[in-house]
Amino acid sequence: MSNMVEPLPGTGDIWAPDVEEWVRLENAARACFSKYGYDELRTPVFERTDVFVRGIGDQTEVVQKEMYTFEDRGGRSLTLRPEGTAGVMRAIANAGLAPGEEKRVFYGGPMFRGERPAAGRRRQFHQLGVEAVGTCNPRVDAECIAMLMDYLKTAGIENAKLMLNSRGQAEDRVAVNDAMRDYFKPHADAMCEDCQRRLTTNVWRILDCKNPACQNIVAGAPPIVDLLGEESRSFFEETCRCLDVLGIPYERDPRLVRGLDYYAHTVFEVVGEGLGAQNALAGGGRYRIELPGVKKPVEGVGFALGMERLLMALKAQGREPAPRGVDVFVVAQTEEALLPAMVLAQELRDTELRVLAAQEKRSMKAQMRAANKLGAKTVLILGERELAEGTVMVKDMACSEQSTVPRDEVVAQVKVHSTPNATR
Ligand code: AMP
């Protein structure tokens, strides 16, 4: 019976205080991305399957093996979004992008991939992502990366490592494909079955293979940047120069390609500490995406970062979210005090304090234990005497001092002495 209430593998319930940490991270992202002129865009969680197949590339792992695709009642093929960029591009194409017009948007929310669940790898996970669309300029790429590093710093991430590479552009593809095939062909027997197939279907995907035998072979592959034409090489060098000028450290990773096929020019990944095998906190790059019904591919640069991994990395650094508890607990010593306790709690909530009141008559000891467990800084006690006298007993839990305060002054007094237990 128990597995009837467990969430499905690779999914999970997110409880407080983790939820509060999520909210903090989302709000920090809103504030940070806004400084760079990005506006929030919310797109649907599901789209026509074609949006992803055409946008991400039909030879990618995500499209071939991981999409949650289903037919709706009208026989249309729909897919739960496995990533954010393709949907954002669809939305932008639908809204229209005038020649020379730029759009900067950010998004957040759940993504779905049918991967094998592991630590840091889920089937429903959550991303924050950004897209700067409408320009093809290395300065935009560098600024986008700078914003990601800025955000990670505000989020509290230490020691994040930025890896950088270029995939060149369409014009470079034939030369790179040929050089890669020439390199990999003699190693074909030692490579996994998927990579043997990739030799003919999409040789770039070999660079991204997680199989250790293939990774050993990939380590000796020619650096992509060396195979690119002059224009792509100078685009990459200019991106690096901008990062140097901005003082953003990075490492060149000559074989980084990223898992989706829409990338052109810059690709980057940020790896974090304490994440184990799934150590990529964020990844992104410049892309050209073809959309159904749209003649010209949409160009832009963006990144997505995984919320679950961000949280894991922060916890690994010792930043464990603490339960919030309450600011004030109202104890009712008698049956008759229960309703007045409820009214008092309600009045206190107008002052933004977090307040709970006893709702059943229990012993004083049990109620004080409950208040302690909730971390209440102030306990208000209403008993027979207080009700008769029109007073409230106020107990400061830090110093255990008690005082009797007139009922009509208690809200103002508690307000002055308590700072709300705000969301961290
Ligand atoms: P991608 O869209 O694959 O480039 O991933 C961008 C970021 O999303 C990664 O760096 C991870 O932080 C996160 N991510 C991707 N896939 C998963 C997953 N299955 N589970 C959890 N986080 C993920």
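Up top is the structure.
Residues numbered from 1 in each chain as written. Predicted model: local features only at pLDDT ≥ 70, side-chain atom pairs only at ≥ 80, totals over all residues. Heavy atoms only, no water.

Draft legend 1. Focus on the overall build of the protein chain. Each helix and strand in the protein chain was counted, giving 16 helices and 16 strands. Each principal axis of the C-alpha atoms in the protein chain carries an extent, and together these give about 90 × 55 × 45 Å. With 424 residues in all, the protein chain has 49% of them scored as buried. Once local pairs closer than 6 in sequence are excluded, the contacts in the protein chain between residues at least 24 apart make up 69%. About 21,200 Å² of surface is accessible on the protein chain, with carbon and sulfur atoms providing 51% of the total. With 55 positive and 61 negative side-chain charges, the protein chain shows a spacing of 2 Å between the two charge centroids. (Helix = DSSP H or I, 4+ residues; strand = E, 2+ residues; numbered from the N terminus. Buried < 20%, exposed > 50% of the residue type's maximum accessible area, 1.4 Å probe, protein only. Contact = heavy atoms within 4.5 Å. Areas by Shrake-Rupley, 256 points an atom, 1.4 Å probe, with all protein chains shown as cover. Lys, Arg positive; Asp, Glu negative; His and termini not counted. Charge placed at Lys NZ, Arg CZ, Asp CG, Glu CD.)

Draft legend 2. Focus on empty space enclosed by the protein. Counted under the stated rule, the structure contains one cavity of 30 Å³ or more. The volume enclosed by the largest cavity comes to roughly 60 Å³. In this structure, the largest cavity is lined by Gln59, Thr60, Glu61, Gln64, Lys65, Arg197, Arg198, Thr201, Asn202 and Arg205. For the lining of the largest cavity, the elements supplying multiple residues, two or more each, are helix H3 (61-66) and helix H7 (193-201). (1 Å grid on protein atoms, 1.4 Å probe; cavity = no way out; pocket = protein on both sides within 12 Å on 5 of 7 lines; lining within 4 Å. Points joined across faces, edges and corners; volume = space filled by probe spheres on them.)

Draft legend 3. Representation of the sheet that holds strand E15 (residues 391-396) in the model. Pairing is mixed in the open sheet, where five strands are placed in the order E13-E12-E14-E15-E16. One side of each edge strand has no neighbouring strand; the edge strands of this open sheet are strand E13 (355-357) and strand E16 (401-406). Going across the sheet, the axis of each strand differs from the next one's by a mean of 20°, ignoring polarity. Sheet topology note: the E15/E16 ladder contains six bridges and is antiparallel. By the bridge assignment for E16, methionine 393 is matched with threonine 404. Contacting strand E12 (328-332), strand E14 (378-382) and E15, helix H14 (residues 364-373) crosses the sheet at an angle of about 170° to E12. (Pairing = 2+ DSSP bridges. Axes fitted to C-alpha atoms, helices over the stretch in contact; angles between N-to-C directions.)

Draft legend 4. Seen up close, the sheet that holds strand E11 (residues 298-306). Read from one edge to the other, the open sheet built from eight strands follows the order E1-E5-E6-E11-E10-E9-E7-E8, with strand pairing classed as mixed. Each having just a single partner strand, strand E1 (39-40) and strand E8 (251-252) make up the two edges of the open sheet. Alignment of strand E7 (residues 161-166) against strand E9 (residues 263-271), held across six bridges, turns out to be antiparallel. Note on E9: the bridge partner recorded for leucine 162 is valine 270. Along the sheet face, helix H1 (residues 18-35) touches E1, strand E5 (103-112), strand E6 (124-133) and E11 and points at about 5° away from the line of E6.

Draft legend 5. The packing of H1 against helix H5 (residues 138-155), seen in detail. Two numbers describe how H1 lies on H5: the axes approach to 10 Å, and their chain directions differ by 145°. Crossing angle aside, the handedness with which H1 passes H5 is right-handed. Counting all contacts with H1, which are made through Arg24, Leu25, Ala28, Ala29, Cys32, Phe33 and Lys35, the residues of H5 involved are Met147, Asp150, Tyr151, Thr154 and Ala155. When grouped by side-chain class, the residues that make up the contact of H1 with H5 number eight nonpolar, one polar and three charged. (Left-handed = near helix turned anticlockwise from the far one by under 90°. Nonpolar A, V, L, I, M, F, W, Y, C, P; charged D, E, K, R; others polar.)

Draft legend 6. Molecular detail of unusual backbone geometry. A cis amide bond links alanine 16 with the next residue in sequence, proline 17, at an omega value of 5°. Tracing the sequence through the fold places proline 17 in the segment before H1.

Draft legend 7. Molecular detail of the packing of H1 against helix H12 (residues 307-316). Taken N-terminus to C-terminus, the directions of H1 and H12 make an angle of 110°; their axes are 11 Å apart at the nearest point. Between H1 and H12, the interaxial angle falls into the category roughly perpendicular. Of H12, the residues touching H1 (which contributes Asp18, Glu21, Trp22, Arg24, Leu25 and Glu26) are Met307, Glu308, Leu310, Leu311, Leu314 and Lys315. Considered class by class, the residues forming the contact of H1 with H12 number six nonpolar, no polar and six charged. (Parallel < 35°, antiparallel > 145°, perpendicular 65-115°, else oblique.)

Draft legend 8. A look at helix H13 (residues 338-349). Between its first and last C-alpha, H13 extends 17 Å over 12 residues, near the 16 Å set by a 1.5 Å rise per residue. Among all positions of H13, only Leu338, Ala341, Leu344, Ala345 and Leu348 are buried. Here the buried residues of H13 occupy an arc of 120° about the axis, which is enough to place them on one side. If you follow the buried residues of H13, they end up packed against E12, E13, E14, E15 and helix H16 (407-417). (Expected span 1.5 Å × (residues − 1). Arc of directions from axis to C-beta.)

Draft legend 9. Inspection of the packing of aromatic side chains at higher detail. Taken as a whole and judged by the stated rule, the model has seven aromatic pairs. Relative to tyrosine 151, the ring of phenylalanine 33 has its centre 5.6 Å away and its plane inclined at 55°; by these criteria the two rings are tilted. In this pair, phenylalanine 33 is assigned in helix H1 and tyrosine 151 in helix H5, connecting sequence segments 118 residues apart. Like phenylalanine 33, the residue tyrosine 151 is buried in the burial classification. Members of the aromatic cluster, each reached through a chain of ring pairs, are Phe33, Phe106, Tyr151 and Phe303. Positioned above the aromatic ring of tryptophan 204 is the side chain of arginine 167, whose terminal nitrogen or guanidinium carbon lies 4.6 Å from the ring centre. (Phe/Tyr/Trp six-rings, centres within 6.5 Å; stacked < 30°, edge-to-face > 60°. Lys NZ or Arg CZ within 6 Å of the ring centre and 35° of its normal.)

Draft legend 10. Here's a closer look at the nonpolar core. The biggest cluster of nonpolar side chains holds 44 residues, and the ones touching the most others in it are Phe33, Leu148, Tyr151, Leu152, Phe303 and Leu310. Per-element accounting of this core gives the leading share, 11 residues, to H5. Those residues in contact with leucine 148, other than ones at most four positions away along the chain, are Phe268, Val270, Ala282, Phe303 and Leu305. (Core = buried A, V, L, I, M, F, W, Y, C linked by side-chain atoms within 4.5 Å.)

Draft legend 11. Examining the layout of surface pockets more closely. Volume-wise, the second largest pocket comes out at about 430 Å³. As for the second largest pocket, its lining consists of 20 residues, of which Arg173, Asp261, Tyr262, Arg288 and Glu290 are closest to the centre. Every element with two or more residues in the lining of the second largest pocket is listed here: helix H2 (49-56), E9 and strand E10 (280-289). Grouping the constituent residues of the lining of the second largest pocket by class yields nine nonpolar, four polar and seven charged.

Draft legend 12. The arrangement of the site of the ligand in detail. The local shell around the ligand holds 14 residues, among which Arg113, Glu115, Arg122, Arg258 and Leu281 are the closest. Glutamine 127 is positioned with one of its side-chain polar atoms (N or O) 2.9 Å from an oxygen atom of the ligand. At 3.1 Å from an oxygen atom of the ligand is found a main-chain nitrogen or oxygen belonging to alanine 280. Burial of the ligand by the protein chains amounts to 91% of its free accessible area of 480 Å². Counting residues per element, the ones that place at least two in the shell around the ligand are E6, E10 and E11. Looking at the shell around the ligand, the element that brings in the most residues is E10, giving three residues. (Near = heavy atom within 4 Å. Polar contact = N/O pair within 3.5 Å; in protein donor to acceptor, adjacent residues only side chain to side chain.)

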